[in-house]
Amino acid sequence: MANSYLDSLTFVRQNTPLVQCLTNSVVMQVTANVLLAAGATPAMADTPTESAEFAAVANGVLINVGTPSAEQYLGMTQAIQGANKAGTPWVLDPVAVGGLSERTRFVEGIVDKQPAAIRGNASEIVALAGLGAGGRGVDATDSVEAALEAAQLLARATGGVVAVSGEQDLIVSTNRITWLRSGDPMLQLVIGTGCSLGALTAAYLGATAQTDISAHDAVLAAHAHLGAAGQLAAQQASAPGSYAVALIDALYEVDVHMIASLVEVYEA
Amino acid sequence: MANSYLDSLTFVRQNTPLVQCLTNSVVMQVTANVLLAAGATPAMADTPTESAEFAAVANGVLINVGTPSAEQYLGMTQAIQGANKAGTPWVLDPVAVGGLSERTRFVEGIVDKQPAAIRGNASEIVALAGLGAGGRGVDATDSVEAALEAAQLLARATGGVVAVSGEQDLIVSTNRITWLRSGDPMLQLVIGTGCSLGALTAAYLGATAQTDISAHDAVLAAHAHLGAAGQLAAQQASAPGSYAVALIDALYEVDVHMIASLVEVYEA
Amino acid sequence: MANSYLDSLTFVRQNTPLVQCLTNSVVMQVTANVLLAAGATPAMADTPTESAEFAAVANGVLINVGTPSAEQYLGMTQAIQGANKAGTPWVLDPVAVGGLSERTRFVEGIVDKQPAAIRGNASEIVALAGLGAGGRGVDATDSVEAALEAAQLLARATGGVVAVSGEQDLIVSTNRITWLRSGDPMLQLVIGTGCSLGALTAAYLGATAQTDISAHDAVLAAHAHLGAAGQLAAQQASAPGSYAVALIDALYEVDVHMIASLVEVYEA
């Protein structure tokens, strides 16, 4: 049981899940490259006219509210409806929620549409649970530990898995709390690593949907994959340009045994 | 004759063609870097208020329907009008056509506006010719061989060159069929290599418009340039992060002699 | 005095200025990575509903009109109002102004809203001052020397600092003219280096706003930081793919002493 989450990677690489990303325009390219390197296939169909149709054929959907235009908001609402109708798991990344009023209202309107997972930093999770005011732009000002109660509230309210990214990651379901120690501080100096993790989470949920791997383990595995790759990249590079390149290489090269030896997982 | 297409590269590097890209937001950055490395200059003027005006000064125009917003659709229609009025060659990349209804309708409405070239994967070309249903998102589910009839239909209908990307590339005009063996499987693991090839095709068409190089040879040369660079990159890198870097380097460094020795061209 | 501008880098790294970028979609990712590598934090809040609100908490704002949609135009107008109300310095990058009529009208409508700095190539600065017709897309067709008069006109009209990028950079205030010799020709072959310099200028202005460093020195320092990094990168790489990676590394690794030894500054 303790390591069963690790099997998820095999399913990602076997099934090449198609991940529909409705995400901010800053990170589209790196998100797509992360998915390709990890073993998934990206598609960014995010317009109102196509997003519902596409969500029915995708294996997973990411809703990331980083730079939403009015049209993309409509596309997100449509994609969620399409995903829920087709049974496609969708992941919510509530970027900078709490700090900005328009996106806060929008996210509050979709958080009860049964996301399979929510992934954010501590300040975003705290704000989304109504327990705090959010961070500074994309930077968290709360600790991951301080977000535990908020994560539990959200897990109960949505029925989904809630993941808090930070120095340690916290994965919370209604009946399970897991801490993950992995990654490297250099990940913060490359744009889009957090946003890509949301997409990778959708890939893992999609790839394991027809297996006996739980959504909790799928979310944990996505975080462990990126975290371990972040550690491997730090062995190759010590500045952010070459680190970004090494990170994509490591996402592609890392295997289950390397992940198991690099990350630490604690059930609480 | 057999190798005359190779001269096109010289014209690209001498003329620095200005390529207007109306393309999806996922690949804008990599497309621009591919053009710069190859010897062209990118500009992404894609709004309805500017795209026709810009198409008149550009040397080539790319219309890639990967993530079209309503406003970008208008911009594309304007750019095509501006290009045709000014005699600027434009290239159609019908991303995921067939699989999604809105973009399929849009592409069907512009394919008869005389694109100088159409570039897509086998499933897109088959769907565009009305012979199949399209692939899975951006992935082809038809073989290049199976797209030959569709490419010929489209070449006759549009009067332009039709290029099918795949394990081997197929370049088709009304009176000529050329097969190109080049590239490397790793190209599939870097986002935007196909989309960039559409932009590079526009660069080659623009750079050779005033020469005696045929449009068929210009399209072939663009594919050979990217394919050869893909092979050179594979000699440098075996994972997608470093491969993407090596690919841009190779696009810049490759010369006519290296291309001639790396790729295989067959006239059918 | 002569080298006081160099102290600005220390403030950037100490204060991690939050830079709101309303910029073109081609360069968002590289701009964000440049800011992170240099010591700042990026945020791309550019919609009309959020941009004014965000400009009040940001330390600096970039307005880059490279691929403006109608919605982003509104967002820019809002952001400028929010920035001016909150006293947040904002930087104008008038990409391709003069050459395209819609953006030229838009830029003419905001240039008198007190930008702390304007950064462009020679043709853009000349066109913005009403002294010429602009360049070819993003390429300058005027020399930096020829833009001196235009820069002085704009500095007097706006009260801000005007920076002209080129083989040598020119930094102009109402009472000061500085020439900077730095950089490397390879910078032209990586997309977004000029646009990122606009964002970096906003970072430097924001980080030094509460210090006794002048806006002129802050702008100069941003240019020297990128220019020196460009020189360091050229020692590592001779093709644009690896050069782009080395540039980000160098932005992160370069220190005040290296900058001082790499660049040449002349007061005119």
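Residues numbered from 1 in each chain as written. Chains lettered and ligands numbered in written order. Predicted model: local features only at pLDDT ≥ 70, side-chain atom pairs only at ≥ 80, totals over all residues. Heavy atoms only, no water.

## Notes on the overall build of chain A
- In terms of regular secondary structure, chain A is built from eleven helices and nine strands.
- A compact globule built from 268 residues should have a C-alpha radius of gyration of about 18 Å, and chain A, at 16 Å, falls within 12% of that.
- Across the 268 residues of chain A, 63% fall into the buried class.
- For chain A, the proportion of contacts with a sequence separation of at least 24, taken over those separated by at least 6, is 71%.
- Carbon and sulfur atoms make up 50% of the accessible area of chain A, which totals about 9000 Å².
- One way to put it: in chain A the 10 positive side-chain charges average out to a point 6 Å from where the 24 negative ones average out. (Helix = DSSP H or I, 4+ residues; strand = E, 2+ residues; numbered from the N terminus. Rg over C-alpha atoms; globule rule 2.2 N^0.38 Å. Buried < 20%, exposed > 50% of the residue type's maximum accessible area, 1.4 Å probe, protein only. Contact = heavy atoms within 4.5 Å. Areas by Shrake-Rupley, 256 points an atom, 1.4 Å probe, with all protein chains shown as cover. Lys, Arg positive; Asp, Glu negative; His and termini not counted. Charge placed at Lys NZ, Arg CZ, Asp CG, Glu CD.)

## Structural notes on the interface of chain B and chain A
- Taken together, the contact between chain B and chain A spans 29 residues of the former and 25 residues of the latter.
- If you look at where chain B meets chain A, you find one salt bridge.
- The salt bridge partner of Glu 50 of chain A is Arg 103 of chain B, with a shortest N-O separation of 2.5 Å.
- Summed over the shared surface of chain B and chain A, the result is seven residue pairs in polar contact (both at pLDDT 80 or more). (Salt bridge = Lys/Arg side-chain N within 4 Å of Asp/Glu carboxyl O. Polar contact = N/O pair within 3.5 Å; in protein donor to acceptor, adjacent residues only side chain to side chain.)

## Overview of the sheet that holds strand S5 (residues 117-121) of chain B
Residues and elements named next belong to chain B.
- Taken together, nine strands build an open sheet; the order of strands is S2-S1-S3-S4-S5-S6-S7-S8-S9 and the sheet is mixed. Looking at strand neighbours, the two that pair on one side only are strand S2 (41-43) and strand S9 (264-267), the edges of this open sheet. Averaged over neighbouring strand pairs, the angle between their axes works out to 20° when direction is ignored.
- Seen against the sheet, helix H7 (residues 148-158) touches S5, strand S6 (161-165), strand S7 (169-173) and strand S8 (176-181) and runs at an angle of roughly 35° to S7. (Pairing = 2+ DSSP bridges. Axes fitted to C-alpha atoms, helices over the stretch in contact; angles between N-to-C directions.)

## Considering the UniProt feature "binding site: substrate" (unreviewed entry) in chain A
- The positions UniProt marks with the feature "binding site: substrate" (unreviewed entry) are Met 44 and Gly 192 of chain A.
- On the secondary structure map, Met 44 of chain A appears in the loop between strand S2 (41-43) and helix H3 (51-55).
- Given the relative accessible area of 6%, Met 44 of chain A is considered buried.
- Met 44 of chain A has contacts with Cys 21, Met 28, Thr 31 and Ala 32 of chain A together with Val 26 and Thr 67 of chain B, leaving out every residue within four places of it along the chain.
- Looking at the element boundaries, Gly 192 of chain A is found in the loop between strand S8 (176-181) and helix H8 (193-207).
- Among residues more than four places away in sequence, those in contact with Gly 192 of chain A are Val 27 and Val 30 of chain A. (UniProt positions renumbered as here; feature names shortened; annotations may be inferred.)

## Side note on unusual backbone geometry
- Despite not being glycine, Thr 16 of chain A has its phi angle at roughly 40°, a positive value.
- The residue Thr 16 of chain A is located in the loop between helix H1 (8-15) and strand S1 (18-22) in this model.
- For Ala 96 of chain B, which is not glycine, the phi dihedral falls at a positive 60°.
- One can find Ala 96 of chain B in the loop between strand S4 (90-93) and helix H5 (101-110).

## Thoughts on the interface of chain C and chain A
- Listed per partner, the contact involves 25 residues of chain C and 29 residues of chain A.
- Put simply, chain C and chain A have one salt bridge between them.
- At the boundary of chain C and chain A, one finds seven residue pairs in polar contact (both at pLDDT 80 or more).
- Among the secondary structure elements, those contributing two or more residues to the side of chain C that touches chain A are helix H2 (28-38), strand S2 (41-43), helix H3 (51-57) and helix H10 (240-253) of chain C.
- In terms of residues, the side of chain C that touches chain A owes the most to one element, H2 of chain C, which gives six residues.

## Side note on the UniProt feature "binding site: ATP" (unreviewed entry) in chain A
Residue and element names in this part refer to chain A.
- As annotated by UniProt and renumbered to match this structure, "binding site: ATP" (unreviewed entry) occupies Arg 119 and Ser 165. The greatest C-alpha distance among the annotated residues, which extend across 47 residues, is 7.3 Å, indicating that they converge on a single site.
- When residues no more than four places from it in sequence are discounted, the contact partners of Arg 119 are Leu 92, Asp 93, Pro 94, Ala 163, Ser 165, Gly 194, Cys 195, Leu 197, Gly 198 and His 223.
- The topology assignment puts Ser 165 in strand S6 (residues 161-165).
- Apart from residues lying up to four places away in sequence, Ser 165 is in contact with Arg 119, Gly 120, Asn 121, Ala 122, Val 144, Leu 197 and His 223.
- At 2.6 Å, the side chain of Ser 165 and the side chain of Arg 119 are in polar contact.

## Some words on the relation of the copies chain B and chain A
- When chain B is fitted onto chain A, the two copies agree to an RMSD of 0.0 Å after a turn of 120° and an axial shift of 0.0 Å. A rotation of that kind, with that shift, is consistent with a three-fold axis. Proximity to the rotation axis, assessed at the C-alpha, singles out Ser 25 of chain B in chain B; its C-alpha lies 3.9 Å from the axis.
- Both copies present different contact surfaces, since only 7% of the interface residues of chain B are interface residues in chain A too. (Least-squares fit on C-alpha atoms with pLDDT ≥ 70 in both.)

## Topic: the nonpolar core
- Counting 179 residues, the largest nonpolar core has Ile 259 of chain A, Ile 259 of chain B together with Ile 259 of chain C as the members making the most contacts within it.
- Ile 259 of chain B has contacts with Tyr 5, Leu 6, Leu 9, Ala 224, His 225, Ala 228 and Val 254 of chain B, leaving out every residue within four places of it along the chain.
- Among the nonpolar cores identified, the runner-up in size contains 44 residues, and Ala 45, Val 111 and Leu 170 of chain B together with Ala 96 of chain C belong to it. (Core = buried A, V, L, I, M, F, W, Y, C linked by side-chain atoms within 4.5 Å.)

## Details of the sheet that holds strand S7 (residues 169-173) of chain C
All names here are of chain C.
- Read from one edge to the other, the open sheet built from nine strands follows the order S2-S1-S3-S4-S5-S6-S7-S8-S9, with strand pairing classed as mixed. Whereas interior strands pair on both sides, the edge strands pair on one side only; in this sheet they are S2 and strand S9 (264-267). When strand polarity is set aside, the average angle formed by the axes of neighbouring strands in this sheet is 20°.
- In this structure, strand S5 (residues 117-121) lies alongside strand S6 (residues 161-165), joined through five bridges in parallel fashion. Among the inter-strand pairings, Ala 117 is bridged to a residue of S6, identified as Val 161.
- Here helix H4 (residues 70-86) sits on the sheet in contact with strand S1 (18-22), strand S3 (60-64) and strand S4 (90-93), set at roughly 150° to S3.
- Contacting S1, S3, S4, S5 and S6, helix H8 (residues 193-207) runs over the sheet at an angle of about 155° to S3.

## Brief notes about the side chain of Thr 208 of chain A
All names here are of chain A.
- Summarising the element assignment, Thr 208 is placed in the loop between H8 and helix H9 (215-236).
- At 2.7 Å, the side chain of Thr 208 forms a polar contact with the backbone oxygen of Tyr 204.
- Once residues within four sequence positions are removed from consideration, Thr 208 is found in contact with Ser 8, Phe 11, Ile 213 and Ala 218.

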